[in-house]
Amino acid sequence: MYQFMIFSTVSRYISRTLVLFMLVICPFVSYGQDEGIEHEAKIVEFFTVRPNKKAAQADSTIYPSKIIIAPIISFSPETSLAFGAGAKFLFKMKGSGDETRTSNMPISAQYTLENQFILYSGFEIFSPGEKWMLEGNLRFQSFPRLYFGIGDQTPDSNEERFDYNQTLIEPILLRQTPLRYLFAGAGIRYNRISGVEFKNREGLLVNSEIPGSRGSESVGAELAIVYDSRSSLLNASSGWYFEFTYGVYDESFGSSQNFNLTRWDLRHYWTLSEKRKDVLAFQFIGHITDDKAPLSELAYFGSPEMMRGYYEGRYIDRSMLALQVEYRRKLKGRVGGVLFVGLGNVQPEIQDFSAGNLDYSIGFGLRFLLDKRENLNMRFDWGFGEGTNNYYLNIAEAF
C-alpha cells in the first residue's frame, strides 16, 4: 500500500509536469516548420528589448545587443514547482568583432511552492578580442534544506529540515594568456549563511558541533584558471571547458573559519554526427575542502545539474568527485532526447575514494528547442540513483 501511494504521488507530479511541458511546446509544434520559425520569432521579439537598435542599424560594426525577458517555470525536488521571471542580457563591448564571443549576463528571480525565494545570476563578460574575461556568480536566497548527516552512508530516517538565508557574491577577473582560450586570474568570494532555523530542536544538526551549522561567513581570495573553447556557452556541440579555482579563507579577511577550498569543472563535447545532430558530452567535477570548513562549504552530492536523481545534499562530506556522460540527439523538428549516466560520491578525504564506494545515476530526458539562434533548450529529465529517483524541468542543459 505504501509503495502504491509513493508511485501514485510520483505519477501525479510527473503527469502535471508533462502537461506543463506540452503546454509550452504545443504553440510551436502545432505550426509547420516555416510557420513555427515565424511564430517563434514573433514570440521572442515580443519579450526582447534592444537597447542599441538605432546605433546598430546605423553602424554595422556595432553588435545588436538585446535583453530577453521571459517568465520562468521550473521543477526540482529541492524547490518543487518554481515560478518567476528572468532576463538575459546578450551584448558585445564596443570594438568587439566576430573573434569575440557574446557576453552573457542572465538574472532570474523565482518563488517556489516550498516558500523559497531565489535571485541568481551567473555571468560571463568578454572585453574586445577576449583579452579579459569577467565571470562569476551572484545569489540571494531564502531556502529550506533537508539534512541527513555527514558521510555517504546516512539513512533516510535521519531526514530533518532547516531554513536559512544565503548571500553569495563571487566575481573573478581573468586575463587571456598566449593560448587563445586559456585565461588566468583571481577574484574574491563572499558566502554568508544567516537566519538559520531548525524545525526539529532535537535533531542531529542543532545538536552537532559542525562548524557553521548555525550560520557562517566565508570570505576568501581565489586563484582561477579557465579554458573555454566551447562552440556555444548555452548548448555546446564541440570544444573543451575547464575551470579551476583555489580559495583561501581566513579570519583576517572577515571569514568565520580558516579553511581552503579547491574546485574544478572539466567538460568536453563531441559532435558524433552533423546530420543527426548527435552530441556526446562529458563532465568531471571535483570539490575538496578541509575539516575546518563550515557546513555551507562542504561538498553537496546531487542537484538538477550534477548526479541527477539525488536530492541536493543527500550526501555531504569534505570531498566529492563526480563523472557524468550524456548522449544528446535531435529526434524530430525541435524535439530532442538525451540519455545520461553518472558515477560519484563524497568522502572525508580524496584518498578515500575507490571504485567500490561510488554511487550511480542514470536517466533520460526530452528537449525542446526554444530559441534556434541561441540554441537554447527547455529540458525535462528523469534521473535514477541508488534507491531514489527525481525529475526536473528547467531551461538550458545540465552542463
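Small disclaimer: the values here were computed from a predicted structure and weren't measured. (Residues numbered from 1 in each chain as written. Predicted model: local features only at pLDDT ≥ 70, side-chain atom pairs only at ≥ 80, totals over all residues. Heavy atoms only, no water.)

Colleague: Would you take a moment to explain unusual backbone geometry for this structure?
Modeller: Comment: phi is negative for the bulk of residues other than glycine, and the bulk of peptide bonds are trans. With a phi close to 60 degrees, N115 is a non-glycine residue in the positive phi region. Of the residues examined, N115 reaches a relative accessible area of 56% and is grouped as exposed. Look at K277: it is not a glycine, yet its phi comes out positive at around 60 degrees. In this structure, K277 sits in the loop between β11 (259–273) and β12 (278–289). Under the relative-accessibility criterion, K277 is labelled partly exposed at 47%. (Buried < 20%, exposed > 50% of the residue type's maximum accessible area, 1.4 Å probe, protein only. Helix = DSSP H or I, 4+ residues; strand = E, 2+ residues; numbered from the N terminus.)

Colleague: What's the story with the pattern of salt bridges in this structure? I'm lost.
Modeller: A pair can form between side chains of opposite charge whenever their charged atoms are brought close. One pass over the full model with this rule turns up 25 salt bridges. A salt bridge links D278 to R329; the nearest nitrogen and oxygen atoms lie 3.5 Å apart. With a gap of 51 residues between them, D278 in strand β12 and R329 in strand β15 (residues 319–332) connect regions that are remote in the sequence. You can call R329 partly exposed: its relative accessible area is 34%. (Salt bridge = Lys/Arg side-chain N within 4 Å of Asp/Glu carboxyl O.)

Colleague: In this structure, what is going on with the packing of aromatic side chains? I would like to understand it.
Modeller: The description of two aromatic rings rests on the distance between their centres and on the angle between their planes. Considering all chains together, one arrives at 13 aromatic pairs under this definition. Where F89 meets F91, the ring centres are 4.5 Å apart and the plane angle is 25 degrees; that geometry is what we call stacked. Taking 6.2 Å as the distance between ring centres and 80 degrees as the angle between the ring planes, the aromatic pair formed by Y181 and Y227 counts as edge-to-face. Of this pair, Y181 sits in the loop between β7 (160–176) and β8 (182–198) while Y227 sits in strand β9 (residues 216–228), and the two are 46 residues apart along the sequence. (Phe/Tyr/Trp six-rings, centres within 6.5 Å; stacked < 30°, edge-to-face > 60°.)

Colleague: Got a minute to help me understand the nonpolar core in this structure?
Modeller: Ranked by internal contacts, the top residues of the largest apolar core, which has 19 residues, are Y147, F162, L205 and L295. At the level of secondary structure, the elements contributing two or more residues to this core comprise β6 (132–147), β7, β8 and β11. Here the element with the most residues in this core is β8; it accounts for 3 residues. Non-local contacts of Y147, meaning those with residues more than four positions away in its chain, are made with N158, E159, E160, F162, L204, L205, I210, L295 and I316. Within the second largest apolar cluster, 10 residues are counted, among which are A299, M307, Y310 and V346. (Core = buried A, V, L, I, M, F, W, Y, C linked by side-chain atoms within 4.5 Å. Contact = heavy atoms within 4.5 Å.)

Colleague: Quick question: what am I supposed to make of the confidence of the model for the chain here?
Modeller: Predicted confidence across the chain gives a mean pLDDT of 87, with 89% of residues reaching 70 or more. Considering each helix and strand of the chain separately, the mean pLDDT is smallest for helix α1 (residues 2–29), with a value of 42, and largest for strand β10 (residues 239–249), with 98. This model gives residues 1–32 a pLDDT under 50, and the stretch forms 32 contacts once residues within four places in sequence are excluded. (pLDDT = per-residue confidence, 0-100.)

Colleague: Help me understand the pairing of strand β17 (residues 359–371) in this model?
Modeller: Each regular strand displays side chains that alternate between the two surfaces of the sheet. Pairing between strand β16 (residues 335–347) and β17: 10 bridges, direction antiparallel. Opposite L339, over in β17, you have F364 as the bridge partner. Note that β17 and strand β18 (residues 376–385) share 9 bridges and pair antiparallel. Its bridge partner lying in β18, L366 is registered against F380. As consecutive antiparallel partners, β17 and β18 are separated by 4 residues, and within that stretch N375 has a phi angle of approximately 55 degrees, a positive value. (Pairing = 2+ DSSP bridges.)

Colleague: How should I be thinking about the environment of Q351 in this particular structure?
Modeller: As for its position among the elements, Q351 is in the loop between β16 and β17. You can call Q351 exposed: its relative accessible area is 60%. Considering only alpha carbons, one finds Q351 and S319, 32 residues apart in sequence, at a separation of 9.6 Å.

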